[in-house]
Amino acid sequence: MTVRDLAQLGTPLLRQRSAEVEPGALASPALQSLMDDLVETMREVGGAGLAAPQVRVLLRVVVIEVAANERYPHFPEIPLTILVNPELELVSREPGALADDEVVHLYEGCLSVAGLRGRVRRARRARVRALDRAGRPVTLDWDGVRAAVLQHEIDHLDGVLFVDRADPRTLCFQREYDRWVPAAARYVE
Ligand code: NI
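Residues numbered from 1 in each chain as written. Predicted model: local features only at pLDDT ≥ 70, side-chain atom pairs only at ≥ 80, totals over all residues. Heavy atoms only, no water.

**Q** I would appreciate a short explanation of helix H1 (residues 29–45) in the present structure.
**A** Since the α-helix turns once every 3.6 residues, residues separated by three or four places project in the same direction. Over its 17 residues, H1 extends 24 Å from the first C-alpha to the last, a length consistent with the 24 Å expected when each residue adds 1.5 Å. Within H1, the full set of buried residues consists of Leu31, Leu34, Met35, Asp37, Leu38, Val39, Thr41 and Met42. Buried residues along H1 sit against strand S1 (49–51), strand S2 (61–66) and strand S3 (78–90). Following H1 by one or two positions, Gly46 has its phi on the positive side, about 75 degrees. (Helix = DSSP H or I, 4+ residues; strand = E, 2+ residues; numbered from the N terminus. Expected span 1.5 Å × (residues − 1). Buried < 20%, exposed > 50% of the residue type's maximum accessible area, 1.4 Å probe, protein only. Contact = heavy atoms within 4.5 Å.)

**Q** How do you make sense of the packing of aromatic side chains when you look at a structure like this?
**A** Pairs of aromatic rings are described using the distance from one ring centre to the other and the angle between the two planes. For the structure shown, the criterion picks out one aromatic pair. A cation sits over an aromatic face here: Arg117 above Tyr177, 4.5 Å from the ring centre. Between the NZ or CZ atom of Arg186 and the centre of the ring of Tyr177, over which it lies, the distance is 4.4 Å. (Phe/Tyr/Trp six-rings, centres within 6.5 Å; stacked < 30°, edge-to-face > 60°. Lys NZ or Arg CZ within 6 Å of the ring centre and 35° of its normal.)

**Q** Explanation requested: the coordination of the nickel ion in the structure shown.
**A** For a metal with four tetrahedral donors the ideal donor-metal-donor angle is 109.5 degrees, while six octahedral donors give ideal angles of 90 or 180 degrees. Surrounding the nickel ion are the protein donor atoms Cys110 (SG), His152 (NE2) and His156 (NE2), at 2.1 to 2.3 Å. Each donor residue of the nickel ion belongs to the same chain, and together they define the spacing C-x41-H-x3-H. Highlighted residues: Cys110 in the loop between strand S4 (103–108) and strand S5 (116–123) and His152 in helix H2 (residues 144–156), separated in sequence by 42 residues. His152 carries the same exposure label as Cys110, and that label is buried. (Donors = N, O, S within 2.8 Å, 3.2 Å for Na, K, Ca; no water.)

**Q** How should I be thinking about the pairing of S3 in this particular structure?
**A** On a regular strand, one side chain projects to one face of the sheet and the next to the other, so that they alternate. Pairing between S2 and S3: five bridges, direction antiparallel. For Val61, the partnering residue across the bridge sits in S3 and is Val84. Pairing of S3 with strand S6 (residues 125–131) involves five bridges; the strand directions are antiparallel. The residue of S6 that forms the bridge with Glu87 is Arg129. (Pairing = 2+ DSSP bridges.)

**Q** It is not clear to me how the environment of Val188 should be interpreted in this structure. Could you clarify?
**A** In this structure, Val188 sits in strand S9 (residues 187–188). Accessibility expressed as a relative area gives 36% for Val188, which makes it partly exposed. Discounting chain neighbours no more than four positions away, the residues touching Val188 are Val104 and His105.

Encoded structure:
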């Protein structure tokens, strides 16, 4: 396994749409190595998730894991999850816009936007259909922080970064975040 170099904000491919993975190609050494390396890289740099375009591969693969994360001490634990071709559905009582009680506000960061944090409004509940690394179909129904992490990672596959969705007046650098954003404001349901 290899820790891969992370593309940073401004790299054009972070803004491109990633391609679907051919399910028949999932068992190939290249794709299995990609998934291993995504996990290794995420763990090495202390991320809660990582998407393939962040390591300059434009394929629809994301990995997520939270286990006592130093960058996100208030996050619940999330077991290692590898999703191929994830299809996101935001779960809402009503069609259309999400009501205020159907969203959460989370200060997010991103390994491709090093050093920056900002508050993002996300759907409280997300359902995802995907394939796992062996090509088996999986469905996840996640809420709260877990749902926000899912939405953040899947956004990467469409060239969307959290800074596009953050309230611009909440953007801050890590040191200022640590100093000025009280714990109670870092995640609000
Ligand atoms: Ni990110």
